[in-house]
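# Understanding the architecture of this molecule
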Amino acid sequence: MISSYIKTASRNLLRNIGYSILNISGLTISIAACLLIFLIVKNELNYDSWHKKADRIYRVTMNGLDFNPSVSMAVTEALKNDFPELENVSQYWYQTNGLITIGDTRYNEGGYAYADEYFPRVFDHRWLAGDPRTALSEPDEVVLTESIARKYFGSKDPLGEMINLNNQLNLKVTGVVADPPQNSSQPFIFLVSFATVKKDILAHVQFFSINGGHTYIVLPEHYNPARLTARLPDFISRNWGADVAKETKLLLQPLKEIHFDQRYLGNPVHTTTSRETYWGLSAIALLIIITASINFINMATAQAIRRAKEVGVRKVLGAYKGQLIGQFLIETTVLVVIAVMLGTLLAATTLPLINTWMGMKISAAQFWQPAIMGLLGGITVVVILLAGLYPAFVQSAFQPALSLKANTGIKIKGLGIRKILVSSQFGISQVLIACTLIVGYQMDFLQNKDLGFDKNAVLSFNIPNDNKRELLREQLSLLPGVRQVSIANGAPVGPSGFAAFNCPEAGLVKNDVTEIKAVDEHYMDMFSLRLLAGEPIRKRGANDTLRRVVVNEIMLHKLGIRDPDQAPGKRFYINNAPVTIMGVVKDYQSESRHKKRRPCVLEYDPNHFGMAAVRLAATDMPNTIARIDKLWSGMFPDYRFEYEFLDDRIAGMYKQEQKVYTAFKLFSSLAILIGCLGLYGLVAFAAAQRTREIGIRKILGAGLPQIVSLFAREFILLIFIAFCIAGPLAWYTMHRWLGHFAYQTSIGGGTFLIAIGISLLIAGITISYQAVKAGLADPVRSLRN
């Protein structure tokens with residue numbers, strides 16, 4: 001019986017090869033998209049879950065004037081002493097860049113870290129060489145990742161080899177570990193033993209001496225973290241005094257929450273994201289499967305009329321309903337199994353492209369994991385039931401007498417099932433189009449709109465030697481193609497310092513936090529910071545001890561000053577030291593737009609200069625950069641020239657959002673494509689069914705526009721019906737997503753007009769081909785055949 005069903009199914013698929021190809025293509029694309037989305041979501045939602053003790057690992061963070069992922073390195077030592085019940089306490093200090101020298105070869109590397117000997121006991125990295133118990137225990141030791149070891153030493157055994165870090169530290173290679181997975185909140189390319197710098201650092205740290213170090217603890221099994229949290233205020237008071245305990249508190253952040261906790265933004269190690277974003281991406285996968293299933297149902301029910309006589313003959317010959325349902329489900333199963341195999345192959349083939357587009361490192365080996373195999377099995381069963389059951393019941397329900405006489409139509413409360421399904425399909429497409437547009441608008445808003453400064457054609461680079469700073473500025477200014485030069489401790493968006501401020505005279509007794517940027521006299525002009533009142537930053541003499549600063553509008557509001565013209569000459573205190581306001585600038589975006597703008601202070605302070613920013617002429621940039629490289633390398637021969645464009649840095653702040661936007665564009669386009677395939681098949685079938693009607697209409701004088709409108713008007717009505725549901729749904733969904741940003745684009749009606757316009761355009765193009773083809777057919781031949 002089963003073999004007979006399969007044989008009959010194969011014949012029917014081959015007999016209707018065009019519709020079979022459309023169905024298989026839609027299902028193949030949808031299954032490939034669902035697999036890829038599952039891998040992406042699984043990768044993101046399982047951040048740090050690959051550590052065996054992940055459920056017991058916590059990062060110790062600080063909440064004082066703001067949420068800070070780092071704590072003083074003095075806290076680590078005190079935790080070891082005061083809480084001996086902790087299974088492990090480890091120190092991790094991330095570094096954004098460093099210079100590696102091996103023989104005559106130099107490498108500028110980004111993303112290494114200092115780690116103590118307890119780090120391998122907390123985190124489960126796969127060791128390829130060396131002893132994890134001792135590899136980081138002594139000073140001047142380094143553990144390389146596999147890719148870096150290969151980069152530095154090729155196929156040679158790296159153990160025992162020496163590398164130089166920053167022209168200061170000679171480090172011995174004591175171990176090699178596999179590259180950390182991409183979904184790790186502690187990324188590194190190599191680890192330097194913390195003992196190398198521990199003596200120099202710990203001699204000068206206090207509770208508020210925060211320099212980017214992270215402290216991790218491992219709780220004993222079955223230990224309630226709330227017990228430890230409750231004891232932390234006494235811990236602070238005992239070690240640093242009751243006043244410190246009143247001003248701030250230590251928090252325990254679960255390891256698995258680090259990637260999703262958006263209170264801790266501006267972290268140089270990695271950017272955070274929200275879980276809802278990836279649940280939204282999962283919803284797209286579900287919509288894609290639903291769209292493909294709707295295609296199948298539409299195509300199957302469209303062909304039901306053609307197979308009505310076959311059903312009638314089978315029933316006359318004694319077939320009962322269960323046998324017919326089994327026959328049609330077998331046909332669906334054959335088609336779905338073919339699509340699953342092709343979809344898996346397509347997903348595996350396109351995975352490298354997905355990794356490139358989304359900046360991820362998902363291995364193709366994950367396709368063989370039990371979770372993926374289970375997903376494939378689940379998709380196969382769900383699609384067979386979702387797409388096959390209804391058409392099977394429809395086709396098996398025909399009455400023999402009626403099916404042998406004429407065609408049969410299926411109606412529900414006056415509406416054809418296919419109309420409901422097509423409306424659903426259009427609704428899904430419109431939701432995805434609107435959501436993708438709004439995400440795109442938000443990405444443009446984040447990176448380009450109302451930043452408050454000019455970011456165009458600005459590149460920045462470090463200055464290794466302060467003694468050559470002024471000479472470098474002079475030489476840079478003389479280079480062709482260089483328009484402006486400024487030296488500071490960071491661009492408007494970039495690394496800077498933070499400090500406590502207050503103003504008892506204005507009633508601001510409790511400390512608040514301000515950002516401090518050390519800038520030169522050219523900074524404000526170069527970045528086009530708008531001066532609202534007072535004077536811009538001026539060069540200060542060595543004997544000038546009066547601290548005069550330029551503040552932003554938010555600082556004025558904090559100080560209770562409403563009119564910027566009243567601000568110059570007013571005083572307040574930074575870290576209990578008096579400063580005088582000399583000018584006011586319009587607010588600009590100095591951090592991610594996930595957070596509200598904060599008070600900011602600009603101050604001429606050469607002691608903290610370390611970065612040069614250069615604005616280039618728009619023409620001949622590559623040659624200008626080459627000239628800067630030559631000049632810089634000549635002045636600092638022991639270092640390698642590395643630069644960064646300011647707009648690239650801004651884009652990096654929204655790396656997670658850009659990743660999501662890429663996924664939205666890609667998978668929404670696939671969902672729309674699948675919908676187009678189904679719509680094309682339906683219109684083609686409708687044209688075939690109405691061939692004689694079209695021939696009669698043409699003989700009676702109907703022209704091509706009337707024939708096209710005959711097909712189009714029904715679908716246009718369905719598009720507008722779908723919009724009535726899709727519009728509010730898309731607005732609600734994106735309103736919630738935009739709520740994760742302190743600053744956001746507005747959701748205007750134009751977005752939804754564009755969405756419905758795109759739907760009409762797509763439907764129009766899809767319908768037009770078959771409608772025009774039917775309209776141009778010879779009516780005599782249509783009536784004859």
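Residues numbered from 1 in each chain as written. Predicted model: local features only at pLDDT ≥ 70, side-chain atom pairs only at ≥ 80, totals over all residues. Heavy atoms only, no water.

### Side note on the overall build of the chain
Within the chain, the regular secondary structure consists of 24 helices and 26 strands. By residue count, 51% of the 785 residues in the chain fall in the buried class. The contacts of the chain with a sequence gap of at least 6 include a subset with a gap of at least 24, amounting to 80%. About 35500 Å² of surface is accessible on the chain, with carbon and sulfur atoms providing 57% of the total. (Helix = DSSP H or I, 4+ residues; strand = E, 2+ residues; numbered from the N terminus. Buried < 20%, exposed > 50% of the residue type's maximum accessible area, 1.4 Å probe, protein only. Contact = heavy atoms within 4.5 Å. Areas by Shrake-Rupley, 256 points an atom, 1.4 Å probe, with all protein chains shown as cover.)

### Structural notes on the packing of aromatic side chains
Scanning the entire structure with this criterion turns up 21 aromatic pairs. Seen from their ring centres, Y112 and Y114 are 6.0 Å apart, and the 65° between their planes marks the pair as edge-to-face. On the accessibility criterion, Y114 (6% relative accessible area) is buried. Look at F119 and F188: their rings are 6.3 Å apart centre to centre, the planes differ by 75°, and that puts the pair in the edge-to-face class. With F119 in helix 4 (residues 119-122) and F188 in the loop between strand 10 (169-177) and strand 11 (190-193), the pair connects residues that are 69 residues apart, well separated along the chain. Comparing F119 with F188 shows no difference in burial state: the two are buried. Taken together, the aromatic side chains of F461, W632, F636, F641, Y643 and F645 make up a single cluster linked through ring pairs. The aromatic ring of F260 is capped on one face by R275, whose charged end is 4.1 Å from the ring centroid. Its guanidinium or amino end placed over the ring of Y661, K665 lies 4.4 Å from that ring's centre, counting from NZ or CZ. (Phe/Tyr/Trp six-rings, centres within 6.5 Å; stacked < 30°, edge-to-face > 60°. Lys NZ or Arg CZ within 6 Å of the ring centre and 35° of its normal.)

### Here we look at the sheet that holds strand 26 (residues 644-645)
Strand order in the open sheet made by the four strands is 17-25-16-26, with antiparallel pairing throughout. Taken across any chain shown, the strands that pair with only one partner, and hence form the sheet edges, are strand 17 (482-488) and strand 26. Sitting on the sheet, helix 15 (residues 469-477) is in contact with strand 16 (458-462), strand 17 and strand 25 (611-616), with an inclination near 165° to strand 17. Along the sheet, helix 18 (residues 621-635) contacts strand 16, strand 17, strand 25 and strand 26; its crossing angle with strand 25, the most-contacted strand, is approximately 150°. (Pairing = 2+ DSSP bridges. Axes fitted to C-alpha atoms, helices over the stretch in contact; angles between N-to-C directions.)

### Section: the pairing of strand 11
Neither face of strand 11 is exposed, since F190 and V192 on one face and L191 and S193 on the opposite face are all buried. As paired elements, strand 6 (residues 112-115) and strand 11 share three bridges and run parallel to each other. Across the sheet, the residue bridging to Y114 is V192, located in strand 11. Sheet topology places strand 8 (residues 141-145) next to strand 11; three bridges connect them, and they run antiparallel.

### Notes on the environment of N167
Topologically, N167 is positioned in the loop between strand 9 (162-165) and strand 10. Between the alpha carbons of N167 and D638 there is a distance of 7.7 Å; along the sequence they are 471 residues apart. Not counting the four nearest positions on each side in its chain, N167 is found in contact with L99, T101, D638 and Y639. Reaching out from N167, the side chain makes a polar contact with the backbone oxygen of D638 at a distance of 3.2 Å. (Polar contact = N/O pair within 3.5 Å; in protein donor to acceptor, adjacent residues only side chain to side chain.)

### Topic: the pattern of salt bridges
Tallied over the entire structure, the rule returns 24 salt bridges. K80 is paired through a salt bridge with E77; the nearest N and O atoms lie 3.8 Å apart. Residue K80 and its partner E77 are located together in helix 3 (residues 73-82), separated by three residues, close to a single helical turn. Given a relative accessible area of 25%, E77 falls into the partly exposed group. Residue E603 is joined to R547 by a salt bridge in which the shortest nitrogen-to-oxygen separation is 2.8 Å. Taken as a pair, E603 in strand 24 (residues 600-603) and R547 in the loop between strand 20 (531-534) and strand 21 (548-552) lie far apart in primary sequence, 56 residues in all. On the accessibility criterion, E603 (5% relative accessible area) is buried. (Salt bridge = Lys/Arg side-chain N within 4 Å of Asp/Glu carboxyl O.)

### Here we look at helix 18
Relative to the 21 Å expected for 15 residues at 1.5 Å per residue, helix 18 spans 21 Å between its end C-alpha atoms, a close match to the ideal helical length. Every buried residue belonging to helix 18 is among T624, I625, I628, L631, W632 and M635, and all of these are buried. All buried residues of helix 18 lie within an arc of 125° about the axis, which places them on one face of the element. Facing away from the buried surface of helix 18 by more than 90 degrees, the exposed residues are P622, K630 and G634. Where helix 18 is buried, its residues meet strand 16, helix 15, strand 17, strand 25 and strand 26. (Expected span 1.5 Å × (residues − 1). Arc of directions from axis to C-beta.)

### Quick look at the nonpolar core
Core analysis: the biggest nonpolar cluster contains 118 residues, and F461, F527 and F667 have the highest contact counts within it. When residues in this core are grouped by element, the largest group, 16 residues, is from helix 2 (residues 17-45). (Core = buried A, V, L, I, M, F, W, Y, C linked by side-chain atoms within 4.5 Å.)

### What to know about the environment of I463
Along the chain, I463 falls in the loop between strand 16 and helix 15. In this structure, I463 is in contact with R469, L472, I487, G610, M611, A612 and F636, ignoring residues within four places of it in sequence.

### A closer look at helix 3
In an α-helix, one turn spans 3.6 residues; hence positions three or four apart end up facing the same way. Along helix 3, the positions that sit buried rather than exposed are M73, A74, V75, T76, A78 and L79. For helix 3, the capping residue at the N-terminal end is S72, with a side-chain oxygen 3.1 Å from the backbone nitrogen of A74.

### Overview of a nonpolar patch on the surface
A contiguous nonpolar surface patch, about 230 Å² in accessible area, is contributed by V381, L385 and L389. Along the polypeptide, L389 turns up in helix 12 (residues 370-396). (Patch = residues over 30% accessible without salt bridge, like charges linked within 9 Å, V, L, I, M, F, W, Y side chains within 5 Å.)

### A look at the confidence of the model for the chain
Mean pLDDT over the chain works out to 82, with 85% of the residues at or above the 70 mark. Ranking the elements of the chain by mean pLDDT puts strand 14 (residues 411-412) last, at 38, and strand 8 first, at 96. Note that pLDDT drops below 50 for residues 406-415; the model gives that stretch twelve contacts with residues more than four away or on any other chain. (pLDDT = per-residue confidence, 0-100.)

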